[in-house]
Amino acid sequence: MTTQTSDLLAAAAPRTVDVVRGIADDQFDLPTPCRDYLVRDLLNHLFEVVVNFQDLAVKRPVEWAEKPDHLTDGWRDRFQTETDKLIAAWSDPSTLEGVSPGMGMPQSVIGGMALLDLTVHGWDLAVATGQAYQPAPEVVAELHGLVEQLGPTARKMGVFAEPVSSPATGTPTPDLAHLLTQTGRIPTWPAGAALDEPRTT
């Protein structure tokens, strides 16, 4: 059994897992497009996302204040394992029913937030560590509507920066560039300064 959310997560996950596997330990202290987040910090945040959104799928409360270090022995394999669990967690249609008791938003939006983090932070980590990255087109198309929906509140809360103008050349595909600019990112990073600390959780 699958849902649209789990299908999209399954399309997004291998591309981000490949990026994570390609990160060397000596790259942990490199800057990323997320303001004040080094590669190490963003990896740990993304670990939190793939773990905590498993609980959010079944409407269990999560604790974001705890910041464990996930980058211990075997962390690359564990990231893939937890990402596989995330996909499985959202494969039951009941996960998309109702409102999240902890987040106060429709469960379908919560699933989309997991997809957004997995995709956009995949790009963040790729450009920070000099890797190629191209998300699945169907994932990017789905996220445009979600970012438009979440944007006003996310900007008010400081989760997204204000949208930026997309450079005409030297960017990712137009659809990806548009998604990045709507979350306050500069598609040609690191040509410009990092503008945001996007954490859709």
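Residues numbered from 1 in each chain as written. Predicted model: local features only at pLDDT ≥ 70, side-chain atom pairs only at ≥ 80, totals over all residues. Heavy atoms only, no water.

1. Considerations on the confidence of the model for the chain
Here is step 1: Of the residues in the chain, 84% have a pLDDT of 70 or more, and the chain-wide mean is 88.
Here is step 2: Segment residues 192–201: pLDDT under 50, and 47 contacts once partners within four positions in sequence are set aside and those in other chains are kept. (pLDDT = per-residue confidence, 0-100. Contact = heavy atoms within 4.5 Å.)

2. Here's the deal with the packing of aromatic side chains
Here is step 1: Counting across every chain of the model gives 3 aromatic pairs.
Here is step 2: Seen from their ring centres, Phe47 and Phe79 are 5.3 Å apart, and the 80° between their planes marks the pair as edge-to-face. Of this pair, Phe47 sits in helix H2 (residues 39–57) while Phe79 sits in helix H3 (residues 75–89), and the two are 32 residues apart along the sequence.
Here is step 3: Judged by its relative accessible area of 1%, Phe79 is buried. (Phe/Tyr/Trp six-rings, centres within 6.5 Å; stacked < 30°, edge-to-face > 60°. Helix = DSSP H or I, 4+ residues; strand = E, 2+ residues; numbered from the N terminus. Buried < 20%, exposed > 50% of the residue type's maximum accessible area, 1.4 Å probe, protein only.)

3. Some remarks on the environment of Gly102
Here is step 1: Relative to the helices and strands, Gly102 is located in the loop between H3 and helix H4 (107–128).
Here is step 2: As for Gly102 and Glu63, which are separated by 39 residues in sequence, their C-alpha atoms are 9.9 Å apart.

4. Topic: unusual backbone geometry
Here is step 1: Between Trp189 and the following residue, Pro190, the backbone shows a cis peptide bond with an omega angle of 15°.
Here is step 2: Mapped onto the elements, Pro190 comes out in the segment after helix H6 (174–182).

5. Quick notes on the nonpolar core
Here is step 1: Of all hydrophobic cores here, the largest spans 54 residues; its most connected members are Leu43, Phe53 and Leu125.
Here is step 2: Only helix H1 (4–21), H2, H3, H4, helix H5 (137–156) and H6 provide two or more residues apiece to this core.
Here is step 3: Here this core takes 12 residues from H4, the largest share from any one element. (Core = buried A, V, L, I, M, F, W, Y, C linked by side-chain atoms within 4.5 Å.)

6. Focus: the layout of surface pockets
Here is step 1: The calculated volume of the second largest pocket comes to roughly 210 Å³.
Here is step 2: Forming the boundary of the second largest pocket are 14 residues, of which Gln4, Thr5, Ser108, Gly112 and Glu142 lie nearest the centre.
Here is step 3: Partitioning the lining of the second largest pocket into residue classes produces 6 nonpolar, 7 polar and 1 charged. (1 Å grid on protein atoms, 1.4 Å probe; cavity = no way out; pocket = protein on both sides within 12 Å on 5 of 7 lines; lining within 4 Å. Points joined across faces, edges and corners; volume = space filled by probe spheres on them. Nonpolar A, V, L, I, M, F, W, Y, C, P; charged D, E, K, R; others polar.)

7. So, the environment of Phe28
Here is step 1: Among the secondary structure elements, Phe28 is positioned in the loop between H1 and H2.
Here is step 2: We classify Phe28 as buried; its relative accessible area is 7%.
Here is step 3: When the C-alpha atoms of Phe28 and Val39 are compared, they prove to be 4.8 Å apart, with 11 residues separating the residues in sequence.
Here is step 4: Setting aside chain neighbours within four positions, we find Phe28 in contact with Ile23, Leu38, Val39, Arg40, Leu43, Leu71 and Trp75.

8. Points about the pattern of salt bridges
Here is step 1: Scanning all chains against the criterion turns up 6 salt bridges.
Here is step 2: In this structure, Glu48 and Lys67 form a salt bridge, with 3.6 Å as the shortest nitrogen-oxygen distance. With Glu48 in helix H2 and Lys67 in the loop between H2 and H3, the pair connects residues that are 19 residues apart, well separated along the chain.
Here is step 3: We classify Glu48 as buried; its relative accessible area is 6%.
Here is step 4: Residue Arg60 is joined to Asp55 by a salt bridge in which the shortest nitrogen-to-oxygen separation is 2.8 Å. (Salt bridge = Lys/Arg side-chain N within 4 Å of Asp/Glu carboxyl O.)

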